[in-house]
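# Fold and contact review
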Amino acid sequence: MNFLEERITKDGIVKEGNILKVDSFINHQMDTELLDMMGAEFKRRFSDKNINKILTIEASGIGIACITAMHFKTPVVFAKKSQSINIDGEVYCAEVESFTHKNTNHVIVSKKFLNRDDHVLIIDDFLANGCALQGLISICNEAGASIEGIGIAVEKGFQPGGQIIRNLGYQLESLAIVDGMDASKGSITFREQ
């Protein structure tokens, strides 16, 4: 069992509806030492790639992406879920359905921050159905950027997202893959990696 699986086992909460709450250490309150370990592990797994930009989606992926970017010494760009007055100029846009929030967002990235010279590592906290990743992939493709890999903190291996993304040919590295959860027992089964 790796460091993230151990932490999920200790502090994660399984809820009905295939919900795994990690809000006490990843995506509401953030354990920066844990995030630093995650960033170091992503750096190790993608060390052979020429990455010059980290891309994520707001909001929960931002903390992990920022600390990962420190290990790569690169900037982070995050796709925003709404247009705001401080985004000027042209944008890339993709429609993304959220498993967690049960809604659809149009996510945007300013064209001035992503282009064909970029070698991108996509980072996110969860992978369930793969909709957010497919939106970020679409934005990278529209920008002409090269996707060097995808790093995920927690993949729900019993949902189709991981297989969909792997079938597209991307190097997808998930630090913890959950193969099953039982809310009545509070138990989590991890995939051997």
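Each remark here, short or long, concerns the structure printed above.
None of the values given here were measured: they were computed from a predicted structure.

Conventions adopted
Residues numbered from 1 in each chain as written. Predicted model: local features only at pLDDT ≥ 70, side-chain atom pairs only at ≥ 80, totals over all residues. Heavy atoms only, no water. Helix = DSSP H or I, 4+ residues; strand = E, 2+ residues; numbered from the N terminus. Rg over C-alpha atoms; globule rule 2.2 N^0.38 Å. Buried < 20%, exposed > 50% of the residue type's maximum accessible area, 1.4 Å probe, protein only. Contact = heavy atoms within 4.5 Å. Areas by Shrake-Rupley, 256 points an atom, 1.4 Å probe, with all protein chains shown as cover. Salt bridge = Lys/Arg side-chain N within 4 Å of Asp/Glu carboxyl O. Expected span 1.5 Å × (residues − 1). Right-handed = clockwise from strand over helix to strand, strands pointing away.

## A closer look at the overall build of the protein
- Along the protein, the regular secondary structure elements total 5 helices and 10 strands.
- Since a compact globule built from 193 residues should have a radius of gyration of about 16 Å, the 16 Å found for the protein is in line with a globular shape.
- The principal-axis extents of the C-alpha atoms in the protein amount to approximately 50 × 35 × 30 Å.
- Here the protein, with 193 residues, has 46% of them falling under the buried criterion.
- Long-range pairs, those at least 24 residues apart, make up 60% of the contacts in the protein between residues at least 6 apart in sequence.
- Accessible area for the protein stands at about 9500 Å²; split by element, carbon and sulfur atoms hold 47% of it.

## What about the pattern of salt bridges?
- For the structure shown, the criterion picks out 11 salt bridges.
- One salt bridge connects Arg7 with Asp31, and the closest N-O pair in it is separated by 2.6 Å. Of the two residues, Arg7 sits in helix H1 (residues 3–11) while Asp31 sits in the loop between strand S2 (19–21) and helix H2 (32–45), which places them 24 residues apart along the sequence.
- With relative accessibility at 22%, the residue Asp31 sits in the partly exposed group.
- For Arg44, the salt bridge identified is with Glu41, shortest N-O distance 2.6 Å. With a gap of 3 residues between them, Arg44 and Glu41 both fall in helix H2, about one helical turn apart.
- Given a relative accessible area of 53%, Arg44 falls into the exposed group.
- Because the salt bridges share partners, they merge into one network encompassing Arg7, Lys10, Asp11 and Asp31.

## Considering helix H4 (residues 131–143)
- If you check H4, its first and last C-alpha atoms are 19 Å apart, about what 13 residues at 1.5 Å a residue would give, namely 18 Å.
- Inspection of H4 places Leu133, Gly135, Leu136, Ile137, Ile139, Cys140 and Ala143 among the buried residues, and these make up the whole buried set.
- Downstream of H4 by one or two residues, Gly144 has phi in the positive range, about 80°.

## Focus: the pairing of strand S4 (residues 76–79)
- With burial as the criterion, only one face of S4 is covered, namely that bearing Val77 and Ala79; the residues Val76 and Phe78 on the opposite face remain uncovered.
- After leaving strand S3 (residues 53–57), the chain enters helix H3 (residues 61–72) and then returns to the sheet as S4, a path that is right-handed.

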